[in-house]
Amino acid sequence: MTPLARILALPVRAYRLVASPWVGHGCRFQPTCSAYALDALARHGGLRGGLLTLRRIGRCHPWGGHGYDPVPGADPDHERARDAGRR
C-alpha cells in the first residue's frame, strides 16, 4: 500500500472501529463501503483508490444502487459477465 493510501485508510479504519458499531449493518452494497474503500486503496493506491471510494460513497443513498459491487479488478468473473451483458 502506498503512503497516501495508508493515510487515506486511517479514517476508514477509525470509522470501522468507532462509528460502525453504532450506525448498524444496513449497507446497501456488498462488500460494505468501508471494506470496498480499504480494498480499493490497497489494490489501486491512494489516488485512484480514493476516487473509486468517493464514487462508491456518492452512490450510497436511497436512490443509488445496491447489490454486489466489487472493486474493479477484484472479481474478473463478475467483470466478464457484466461486460458480456453490455453487448
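The rules we used
Residues numbered from 1 in each chain as written. Predicted model: local features only at pLDDT ≥ 70, side-chain atom pairs only at ≥ 80, totals over all residues. Heavy atoms only, no water. UniProt positions renumbered as here; feature names shortened; annotations may be inferred. 1 Å grid on protein atoms, 1.4 Å probe; cavity = no way out; pocket = protein on both sides within 12 Å on 5 of 7 lines; lining within 4 Å. Points joined across faces, edges and corners; volume = space filled by probe spheres on them. Helix = DSSP H or I, 4+ residues; strand = E, 2+ residues; numbered from the N terminus. Nonpolar A, V, L, I, M, F, W, Y, C, P; charged D, E, K, R; others polar. Expected span 1.5 Å × (residues − 1). Buried < 20%, exposed > 50% of the residue type's maximum accessible area, 1.4 Å probe, protein only. Contact = heavy atoms within 4.5 Å.

The name given to the protein chain in an unreviewed UniProt entry is Putative membrane protein insertion efficiency factor, with Paracoccus aestuarii as the source organism. Its UniProt record, at the heading Sequence similarities (unreviewed entry), says of the protein chain: "Belongs to the UPF0161 family." Under the UniProt heading Function (unreviewed entry), the note attached to the protein chain is "Could be involved in insertion of integral membrane proteins into the membrane."

Student: Describe the layout of surface pockets, and please don't skip the residues or the numbers.
Tutor: There is about 390 Å³ of room inside the largest pocket. Lining the largest pocket are 17 residues, with Y15, C27, T32, C33 and S34 sitting closest to its centre. Looking at the lining of the largest pocket, the elements that each hand over two or more residues are α1 (3-23) and α2 (33-58). The residue makeup of the lining of the largest pocket, split by class, is 8 nonpolar, 7 polar and 2 charged.

Student: Quick one: what's the story with α1, residue by residue and with numbers?
Tutor: An α-helical segment advances 3.6 residues per turn. Residues three or four places apart therefore align on the same side. Along its 21 residues, α1 runs 29 Å from first to last C-alpha, staying within 8% of the 30 Å computed at 1.5 Å per residue. Buried within α1 we find A5, A9, V12 and S20. As for α1, its buried residues are in contact with α2. Immediately downstream of α1, the backbone of G24 shows phi near 105°, a positive value.

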